[in-house]
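Per-entry structural report
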Amino acid sequence: MMLRSLQTHGINIGPSGARSLNVAPSNNQQIWIACNIALIHSSDGGSTFGQVAVPGSNVPKSIAIHSQNSQTLWVGFPINSSERVLKTIDGGVNWIPMSTGLPNVAINDLIYQQGSNGVLYAGTDIGVYRYDPTLNAWECYSKNLPVCMVTDLEIDYCRQVL
């Protein structure tokens, strides 16, 4: 159904399909898709879609959405982007760079920690990084772990572990 809606509105998600598809936890009408050609958004549960402009020439690889505010989200980019992570608090109208402390590697996945004051985790080609909002910077979260590509992140809130 959603793919048909995208095609009906002239949006082709490309030969590789979606890189990331996220529905806002606080508003299931807000759907964000990162695909090979664009960042795509629906504010009506998938009935209509439109492309969202992001700074630079690259397309996001990953998306994280704030658990309480569907207009606040973060996007992560592949390696050939000057910015690794951007944040918007107005649904993609304006973007704020958030790459301080991140190495020059792809951001494969992003996850927002519910109930936090802006803590994020990024799965990269060399491990996990944690965004500390008090420092406004990312720090390596993979200390004493092997260097490896991390492509999927989940938080187990019952056990309080990543």
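A brief structural summary. (Residues numbered from 1 in each chain as written. Predicted model: local features only at pLDDT ≥ 70, side-chain atom pairs only at ≥ 80, totals over all residues. Heavy atoms only, no water.)

What the four strands build is an open sheet, ordered β1-β2-β3-β4; its pairing is antiparallel. Each having just a single partner strand, β1 (18–23) and β4 (50–52) make up the two edges of the open sheet. Across the sheet, the mean angle from the axis of one strand to that of its neighbour is 25 degrees, orientation sign disregarded. Across three bridges, strand β3 (residues 39–42) lies against β4 in antiparallel orientation. When the bridges of β4 are listed, I40 appears paired with Q51. (Pairing = 2+ DSSP bridges. Helix = DSSP H or I, 4+ residues; strand = E, 2+ residues; numbered from the N terminus. Axes fitted to C-alpha atoms, helices over the stretch in contact; angles between N-to-C directions.)

Moving on, we come to the pairing of strand β10 (residues 120–124). Burial analysis of β10 places five of its five residues in the buried class, the great majority of the element. Every second residue of β10 is oriented toward a common face, with L120, A122 and T124 on one face and Y121 and G123 on the other, all of them buried. As judged from the five bridges shared by strand β9 (residues 107–112) and β10, these two strands associate in the antiparallel manner. Looking at β10, one finds that D109 is bridged to G123. Pairing of β10 with strand β11 (residues 127–132) involves five bridges; the strand directions are antiparallel. Residue pairing in the sheet places T124 in a bridge with G127 of β11. Adjacent in sequence and paired antiparallel, β10 and β11 are bridged by two residues. (Buried < 20%, exposed > 50% of the residue type's maximum accessible area, 1.4 Å probe, protein only.)

Across the two faces of strand β6 (residues 73–76) the burial is the same, with L73 and V75 and W74 and G76 all buried. Bridge count for strand β5 (residues 62–65) against β6 is four bridges, and the pairing is antiparallel. When the sheet's bridge partners are listed, I65 is paired in β6 with L73. Sheet topology note: the β6/strand β7 (residues 85–88) ladder contains four bridges and is antiparallel. What sits directly across from L73, in β7, is T88.

Within the chain, N136 stands out as a residue other than glycine whose phi angle is a positive 55 degrees. By relative accessible area, which is 51% here, N136 ends up exposed. At N144, a position not held by glycine, the phi torsion is positive, near 65 degrees. Summarising the element assignment, N144 is placed in the segment after β12 (137–140).

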